[in-house]
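Now for the letters of each chain:
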Protein chains: 2
Amino acid sequence: MDERTKPVGRPPNAATSAALKEAALRLMREYGYRKVSIADIASAAGVARQTLYNRWKTKADLVLEAVFEETALVAAEPDAAGEESCRVQLETFLSNVFRHLDRDGDAMRSLIAAAQEDESFQEEFRTRFILPREEMVTGLLRRAQERGEIGRNRDPEFLSTLIHGAMWYRMLNGQVVDAAFAHDIVEEVFRS
Amino acid sequence: MDERTKPVGRPPNAATSAALKEAALRLMREYGYRKVSIADIASAAGVARQTLYNRWKTKADLVLEAVFEETALVAAEPDAAGEESCRVQLETFLSNVFRHLDRDGDAMRSLIAAAQEDESFQEEFRTRFILPREEMVTGLLRRAQERGEIGRNRDPEFLSTLIHGAMWYRMLNGQVVDAAFAHDIVEEVFRS
DNA sequence: TGACTTAGTGGACGCCAGTCCACAAAACAA
DNA sequence: TTGTTTTGTGGACTGGCGTCCACTAAGTCA
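Residues numbered from 1 in each chain as written. Chains lettered and ligands numbered in written order. Predicted model: local features only at pLDDT ≥ 70, side-chain atom pairs only at ≥ 80, totals over all residues. Heavy atoms only, no water.

S.K.: What is the right way to read the interface of chain B and chain A from this model?
M.R.: Put simply, an interface is often sized by how much accessible area is lost when its parts join up. With 33 residues of chain B at the interface, the matching set in chain A holds 34 residues. Buried area between chain B and chain A, summed over both chains or domains, comes out near 3,200 Å², and the portion from carbon and sulfur atoms is 53%. Between chain B and chain A we count 2 salt bridges in total. Its salt-bridge partner being Glu188(A), residue Arg154(B) comes within 2.4 Å of it at the nearest N-O pair. Scanning the region where chain B abuts chain A turns up 11 residue pairs in polar contact (both at pLDDT 80 or more). Listed by contribution, the elements that provide at least two residues to the side of chain B that touches chain A are helix H5 (86-117), helix H6 (119-146), helix H7 (156-172) and helix H8 (179-189) of chain B. By residue number, the principal contributor to the side of chain B that touches chain A is H7(B), which donates 11 residues. Here the residues of the side of chain B that touches chain A sort into 13 nonpolar, 10 polar and 10 charged. (Contact = heavy atoms within 4.5 Å. Buried area = accessible area lost by both parts, 1.4 Å probe. Salt bridge = Lys/Arg side-chain N within 4 Å of Asp/Glu carboxyl O. Polar contact = N/O pair within 3.5 Å; in protein donor to acceptor, adjacent residues only side chain to side chain. Helix = DSSP H or I, 4+ residues; strand = E, 2+ residues; numbered from the N terminus. Nonpolar A, V, L, I, M, F, W, Y, C, P; charged D, E, K, R; others polar.)

S.K.: Is there a simple way to explain the domain arrangement of chain A in this structure?
M.R.: Residue and element names in this part refer to chain A. The domain boundaries assigned to chain A delineate domain 1 (14-55) and domain 2 (59-189). Listed as interface residues are 13 residues of domain 1 and, on the opposing side, 14 residues of domain 2. Between domain 1 and domain 2, the buried area comes to about 1,200 Å², and carbon and sulfur atoms account for 66% of it. In terms of surface lost to domain 2, no three residues of domain 1 exceed Lys21, Arg29 and Tyr33, which account for 58% of the buried area on that side. Between domain 1 and domain 2 we count 4 salt bridges in total. Among the salt bridges present, the one from glutamate 65 reaches lysine 21, with a minimum N-O distance of 3.2 Å. For the pair domain 1 and domain 2, the number of links is 8 residue pairs in polar contact (both at pLDDT 80 or more). At the level of elements, helix H1 (14-31) and helix H2 (38-44) are the ones that each hand at least two residues to the side of domain 1 that touches domain 2. Broken down by element, the residue count for the side of domain 1 that touches domain 2 peaks at 6 residues, all from H1. (Domains from an automatic or database assignment.)

S.K.: Just checking my understanding: could you explain the protein's contact with DNA strand C for this structure?
M.R.: Taken together, 23 residues surround DNA strand C, and among them Arg10(A), Ala48(A), Thr51(A), Arg55(A) and Gln50(B) come closest. For DNA strand C, the fraction of protein-proximal atoms (within 4 Å) that sit in sugar or phosphate groups is 64%. The side chain of Arg55(A) places a nitrogen or oxygen atom 2.5 Å from a phosphate oxygen of DNA strand C. Interatomic distance of 3.2 Å between a side-chain N/O atom of Arg10(B) and a base nitrogen of DNA strand C. Only helix H3 (49-55) of chain A together with helix H3 (49-55) of chain B provide two or more residues apiece to the surface near DNA strand C. For the surface near DNA strand C, the element with the highest residue contribution is H3(A), accounting for 4 residues. In terms of residue class, the surface near DNA strand C is made up of 9 nonpolar, 8 polar and 6 charged. (Near = heavy atom within 4 Å.)

S.K.: Please explain the side chain of Glu134(A) as it appears in this structure.
M.R.: Looking at where Glu134(A) falls in the secondary structure, it is placed in helix H6 (residues 119-146). For the buried Glu134(A), which has no salt bridge, the nearest side chain bearing the opposite charge is Arg126(A), at an N-O separation of 5.1 Å. The contact partners of Glu134(A), leaving out residues within four places of it in the chain, are Ser160(A), His164(A) and Tyr169(B). (Buried < 20%, exposed > 50% of the residue type's maximum accessible area, 1.4 Å probe, protein only. Lys, Arg positive; Asp, Glu negative; His and termini not counted.)

S.K.: Whenever I open this one, the UniProt feature "domain: HTH tetR-type" (unreviewed entry) in chain A confuses me. Can you help?
M.R.: With numbering matched to this structure, UniProt assigns "domain: HTH tetR-type" (unreviewed entry) to residues 14-74 of chain A. Helix makes up 79% of residues 14-74 of chain A and strand makes up 0%, while its end C-alpha atoms are separated by 25 Å. (UniProt positions renumbered as here; feature names shortened; annotations may be inferred.)

S.K.: Looking at this structure, how should I read the protein's contact with DNA strand D?
M.R.: Taken together, 25 residues form the shell around DNA strand D, and within it Gln50(A), Gly9(B), Asn13(B), Thr51(B) and Arg55(B) come nearest. At a separation of 3.2 Å, a base nitrogen of DNA strand D approaches a polar side-chain atom of Arg49(B). Residue assignment for the surface near DNA strand D shows that the elements contributing at least two residues are H3 of chain A together with H3 of chain B. A total of 4 residues in the surface near DNA strand D trace back to one element, the largest contributor, which is H3(B). Residue classes in the surface near DNA strand D are distributed as 11 nonpolar, 8 polar and 6 charged.

S.K.: What is the right way to read the pattern of salt bridges from this model?
M.R.: Side chains bearing opposite charge may pair, as long as their charged atoms lie close to each other. Residue and element names in this part refer to chain A. Scanning the entire structure with this criterion turns up 22 salt bridges over all chains. With a closest N to O distance of 3.1 Å, glutamate 187 and arginine 87 form a salt bridge. Separated by 100 residues along the polypeptide, glutamate 187 in helix H8 (residues 179-189) and arginine 87 in helix H5 (residues 86-117) bring together distant segments of the chain. In this structure glutamate 187 comes out as partly exposed when scored by relative accessible area, which is 40%. Its relative accessible area of 27% is what places arginine 87 among the partly exposed residues.

Structure below.
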């Protein structure tokens, strides 16, 4: 049952998806999500508008994929075998995530906004972005529990909601989300 | 310097604004923010589309005003002279707010979304909705500090961010926001 | 080679938000 | 009554998103 049967028909242009994501990110960062139209992105990538729709359902889907690939580099999963305390690991992780928001925070805000009006994208966003992040945090907090850094009676899922909620709230209200804020959050979570 | 000089020109129809807000709320609750167009609202209120734009800048501004008036009834400010503990007062307040979300949660989500793409509405939303709510919570928490229910070393502003952040995060992710959640939040805030 | 299949192109279309404008309607002032 | 000011109306218009479609391009299969 070899699934890798040779595909029939004209093969998709290999460079096109990368060019579209690159153009999308570049234009977003310069002008902001709202000001950049699908037509702008397609034209910047030198491709027809319909070609973009052949590969992604909406503008939000394209930007999600583009931002996600960047994020994976910046917000690397904390190392389970790390020597540092979980507390330090969490603060480092949050600082990294927050630093990434300096670049793509505007896009993130717009993706969250898009998810509110589009059921299908909400699902996609949740699966590819939110749940993985939550698991990084709850995993770290469970290790913290095993090491005795936080009490057994505390709920990692709930704490993750507090952490991400604080981040979203500040971000969506256009307030600063910086290392000092990360420190305050960690302080609260590890408060004995 | 009497400002209440008799206005010249055709007076605005007194019933129109109320009819538009009523129609907006009713249609939103039945079909959802996204599915209801400005034209739908105007036509349901028996008024020209331009008349709506004469009174509000955008769809979001109209809905904000409509929802705000409802909210003021449900989420009344906790009584500073109340006999109950601040802890109970906070849990009651949050439960009331959360109950209101059953009705207008969809509209709230869409307003938050709209604020992400519209600088001017973001400002309006913040001033009329978010800041008053934050002050209710920080005020309550400060009284809790005076009464010794929470430590002097804790920051009411930061705690308010945690509280509202948790609520937003759950709401924007389509998860349940109920009395049990309110209880968990209060538990965390008043944890000694 | 020719049949088939999939990708890419360009243009038309429907829907909606928000703007603009000319004109009618309702008030007041002289 | 006539002029002035403001509200309300209806229609045209721009620009964006997403869909549809006919046509062309680039591959595989027999």
